[in-house]
Amino acid sequence: MSATTGPVAINTFREAVRDRVLYNLIFFALLMMGAAILVGEISIGIERLVIIDLGLTAISIFGLVMSVFLGVGLVSKEIEKRTLYTLLAKPIERWQFLLGKYAGLLITLAVNTAAMTLGLAAALFYVGRPFVRSDASILIAIYFILLEFALITALALFFSCFTSPMLSTLFTIGVFVAGVFAADIRNFGALAKNPALKGIATLVYYLVPNFQNFNAIAAAGHGDHIPASLVGQNTMYAVLYVAVLVLASSAIFSRRNLK
Amino acid sequence: MSASAIEISELTKDYRLGFWHNRVRRSLDHLTLKIEDGEIFGFLGPNGAGKTTTLKLLMGLIFPTSGTARICGRPIDDVKVHAEIGYLPEQPYFYDYLTARELLDYYARFANYNSAERRERVNRFLELVGLASAANVQLRKFSKGMLQRVGIAQAILHDPKVVFLDEPMSGLDPIGRREVRDIIHNLKIQGRTVFFSTHILSDAEMLCDRVGVLVEGKLQGVGAPSEMVSMQVNAMEILFELREGLALPATLAAAKSIGGRNHVEVPEEKLYATLDELRKCGARILSVSPVRPTLEDYFLKLAGKKPSAPVPMEAVSR
Ligand SMILES: Nc1ncnc2c1ncn2[C@@H]1O[C@H](COP(=O)(O)OP(=O)(O)OP(=O)(O)O)[C@@H](O)[C@H]1O
Ligand SMILES: [Mg+2]
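Residues numbered from 1 in each chain as written. Chains lettered and ligands numbered in written order. Predicted model: local features only at pLDDT ≥ 70, side-chain atom pairs only at ≥ 80, totals over all residues. Heavy atoms only, no water.

Time to look at the overall build of chain B. Each helix and strand in chain B was counted, giving 8 helices and 14 strands. Looking at chain B as a whole, 49% of its 318 residues qualify as buried. Pairs at least 24 apart in sequence give 68% of the contacts found in chain B among residues at least 6 apart. Per element, the accessible surface of chain B, about 15,600 Å² overall, is 51% carbon and sulfur. (Helix = DSSP H or I, 4+ residues; strand = E, 2+ residues; numbered from the N terminus. Buried < 20%, exposed > 50% of the residue type's maximum accessible area, 1.4 Å probe, protein only. Contact = heavy atoms within 4.5 Å. Areas by Shrake-Rupley, 256 points an atom, 1.4 Å probe, with all protein chains shown as cover.)

Below, the discussion takes up the coordination of the magnesium ion (ligand 2). Residues and elements named next belong to chain B. Around the magnesium ion (ligand 2), the protein contributes the donor atoms T52 (OG1) and E90 (OE), which lie 1.9 to 2.3 Å from the metal centre. Of this pair, T52 sits in helix α1 (residues 51–58) while E90 sits in the loop between β6 (85–88) and α2 (100–108), and the two are 38 residues apart along the sequence. For E90, a relative accessible area of 28% puts it in the partly exposed group. (Donors = N, O, S within 2.8 Å, 3.2 Å for Na, K, Ca; no water.)

Residues and elements named next belong to chain B. Of the strand pairs in this sheet, strand β9 (residues 210–215) and strand β10 (residues 218–223) are connected by 5 bridges, and their pairing is antiparallel. Within β10, the position partnered with V215 by the bridge is K218. From the end of β9 to the start of β10, which pair antiparallel, there are 2 residues, and E216 there has a positive phi angle of about 50°. (Pairing = 2+ DSSP bridges.)

It is worth spelling out the pattern of salt bridges at this point. All names here are of chain B. Under the counting rule described, the total for this entry stands at 25 salt bridges over all chains. A salt bridge links D96 to R140; its shortest N-O distance comes to 3.9 Å. Taken together, the residues span a long stretch of sequence, with D96 in the loop between β6 and α2 and R140 in the loop between α3 (115–128) and α4 (144–156) at a distance of 44 residues. The exposure class of D96 is buried, given its relative accessible area of 11%. (Salt bridge = Lys/Arg side-chain N within 4 Å of Asp/Glu carboxyl O.)

Turning our eyes to something else, we now look at the side chain of B:T274. On the secondary structure map, B:T274 appears in helix α7 (residues 271–280). Contact partners of B:T274, with chain neighbours within four places excluded, come to B:I238, B:L252 and B:V266.

Attention now goes to the sheet that holds strand β11 (residues 235–241) of chain B. All names here are of chain B. Strand order across the open sheet formed by 4 strands is β12-β13-β11-β14, with antiparallel pairing between neighbours. Since the sheet does not close on itself, it has two edges, and those belong to β12 (256–258) and β14 (284–291), each with one partner. This sheet shows a mean twist of 25° between the axes of neighbouring strands, independent of strand direction. Relative to strand β13 (residues 261–266), β12 is paired through 3 bridges, and the arrangement is antiparallel. Residue pairing for β13: K256 is matched across the bridge by H263. Contacting β11, β13 and β14, α7 runs over the sheet at an angle of about 10° to β11. (Axes fitted to C-alpha atoms, helices over the stretch in contact; angles between N-to-C directions.)

All names here are of chain B. If you trace the 6 strands from one edge of the open sheet to the other, you get β6-β7-β8-β3-β9-β10, paired in mixed fashion. The open sheet has two edge strands, β6 and β10, and neither has a second partner. Mean inter-strand twist for the sheet, computed between neighbouring axes without regard to direction, equals 15°. Pairing of β6 with strand β7 (residues 162–166) involves 4 bridges; the strand directions are parallel. The residue bridging Y87 from the neighbouring strand is F164, located in β7. Where α4 meets the sheet, its contacts fall on β6 and β7, and the angle it forms with β6 comes to roughly 170°.

The phi angle of most residues is negative, glycine excepted, and most peptide bonds adopt the trans form. Residue and element names in this part refer to chain B. In this structure, D159 is a non-glycine residue whose phi angle is positive, near 50°. Tracing the sequence through the fold places D159 in the loop between α4 and β7. Given a relative accessible area of 32%, D159 falls into the partly exposed group. Its identity is not glycine, yet E216 carries a phi of approximately 50°, on the positive side. Within the fold, E216 resides in the loop between β9 and β10. Residue class for E216 comes out exposed when judged on its relative accessible area of 59%.

Contacts between the two partners involve 29 residues from chain A and, on the opposite side, 30 residues from chain B. Taken together, the two surfaces of chain A and chain B that pack against each other cover about 2,800 Å², and 55% of this comes from carbon and sulfur. Ranking the residues of chain A by area buried against chain B places A:R18, A:T86 and A:K90 at the top, with a combined share of 21%. One can count 3 salt bridges joining chain A with chain B. Between A:K81 and B:D96 there is a salt bridge whose closest N-O contact spans 3.6 Å. Taken together, chain A and chain B are joined by 19 residue pairs in polar contact (both at pLDDT 80 or more). For the side of chain A that touches chain B, the elements supplying multiple residues, two or more each, are α1 (5–18) and α4 (83–88) of chain A. Of all the elements, α1(A) adds the most residues to the side of chain A that touches chain B, at 6 residues. Among the residues making up the side of chain A that touches chain B, the classes are represented as 10 nonpolar, 6 polar and 13 charged. (Buried area = accessible area lost by both parts, 1.4 Å probe. Polar contact = N/O pair within 3.5 Å; in protein donor to acceptor, adjacent residues only side chain to side chain. Nonpolar A, V, L, I, M, F, W, Y, C, P; charged D, E, K, R; others polar.)

Our focus in this paragraph is the state of the cysteines. The final tally for this structure, using the stated rule, is 0 disulfides over all chains. Residue B:C72 stays outside any disulfide, its sulfur separated by 19 Å from that of B:C208, the closest cysteine. (Disulfide = S-S within 2.5 Å.)

Residue and element names in this part refer to chain A. The grouping of Y23, I26, L30, M33, I37 and Y126 at the surface amounts to a nonpolar patch, some 670 Å² of accessible area in total. Counting residues per element, the nonpolar patch draws most heavily on helix α2 (residues 24–42), at 4 residues. Residue Y23 is classed as partly exposed on the basis of its relative accessible area, which comes to 48%. (Patch = residues over 30% accessible without salt bridge, like charges linked within 9 Å, V, L, I, M, F, W, Y side chains within 5 Å.)

Look at α1(A): 20 Å from first C-alpha to last across 14 residues, which is about the 20 Å you get at 1.5 Å a residue. Tucked inside the fold, the buried residues of α1(A) contact α3 (47–80), α4 and α5 (94–126) of chain A together with α2 of chain B. Just downstream of α1(A), A:R20 is the residue with a positive phi angle, here 60°. (Expected span 1.5 Å × (residues − 1).)

What follows covers the confidence of the model for chain B. All names here are of chain B. Looking at chain B as a whole, the pLDDT averages 86, with 89% of positions reaching at least 70. Throughout residues 306–318 the model reports pLDDT below 50, and contacts reaching past four residues in sequence, or to other chains, amount to 25 contacts. Interface confidence in the predicted complex, given as ipTM, is 0.88; pTM for the same model is 0.86. (pLDDT = per-residue confidence, 0-100.)

All names here are of chain B. Structurally, V162 is set in strand β7. A relative accessible area of 0% means that V162 is categorised as buried. Excluding anything up to four places from it in sequence, V162 contacts A5, I6, I71, C72, E84, I85, G86 and T193.

Pasting the structure below:
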């Protein structure tokens, strides 16, 4: 990280911590504890499946909410509160600021997710199951979830560079939902008779990230092997998609007149 | 030959207004101005004149419709310029989850200091702006004047060559204003260039080598404070009390009585004669102060409107 991007990222993380964003971990811990105790009572051989499914879903929902809502505020809050005025008068380029804010939120999400992963491990330990080799798929599923956060945060950042936080939130959620149903949109496009509709469906399919590719929760629950090729493919896709979005955000933000 | 500290050439800013951005308001109109190294320059103008707009343009926060500017010889869109400058925005606001010390330390990271230098500097400047005792308080608990002080500290923390201050005295108590005047004065002694905006004539008069007056986006004039019409005294005001039972001499019939005290305005050349008369009738002199047209009157005059009756300076130096 460059000499200017680093401090911005660290400060963004510090803001999240001081604004008590990490308090969501308490809810997660309570959820995991409750689930573990409950499942322990029933104990009919599906503890592992239930705990993993629930844990990973919760990790992903908590993180997605953070990605969207903190993501759209990364830049807009600094503009609204005018904290950006003094910062941009320092020797820092606007893209460096943007990158720092983005990295700062990713650090926050990563720390948050790491803590939740420990919680999940504790819950699994509680239901009395030794860790096995196939549990690696849980870690891969979590890695995919993190890639998802990176994508969503980049989308939120991108929209917030040219629209209000309100609209940015709507657009980001819109793209996420479209991304979850990407496969259905493609199928719809294939079946549609109207050429315009076909075109739009195909375009949307190619524009939005296919979030189903990043969902390995079921595989992790069943202890299925996740192929290395999928890991490579998802990583490449996320890195490229994020790079394009951050570049576009920088280009837009660098030309923007700050109110 | 070294370049001027600030060179502004034909700088113009139009704001687009209305839902469709189809109406245009010109906030700055072909501003051309040169400020030399080591100069303290006061940028005066009524509300909405375009002072803040000018500073934001120079800081690269907004972009000009046309025109250019250079600071220390570099075009303002070169971010390297920012290593040489400090900026205090109007009504500054900072990350309120940080303490004053953390905030200054954060900003110091954008200059190349090691951690020991940063610590020393942060402490020194906290001291300078009178915030040493509030150094570890979160900024959300700071008063307006305290925020202003933090703002001044961050603007000069890295020993910038050129310092831009947008209304540095606003929100400060009399002691604070005095302190800021001293700070600006010290910057001059260190050979730095200071460009600050203000409404307050007396501040400009006390500090500036030159002032420029902006009205409705147009520069009306630049010169030493003493050259400005509005700085000339056009009357003296005397405040006095009469002993009980004594009457005013006929020559002082114009005196007005407010709250048991009398005050009268006389032309400067009649000051001593009037004081003699007051002495003769046994009046007690409470104060003698110069009456000058206010900045507003000056602006109104420039804008071609009829000025109102002069009022004492203090009335505008809020
Ligand atoms: N973001 C903006 N959008 C539209 N118009 C603006 C914007 N910012 C400023 N203006 C207009 O530009 C003009 C100049 O404003 P500016 O803030 O530069 O004045 P100023 O001299 O700093 O005034 P003050 O003494 O009140 O601080 C005003 O007419 C204002 O309405
Ligand atoms: Mg202003």
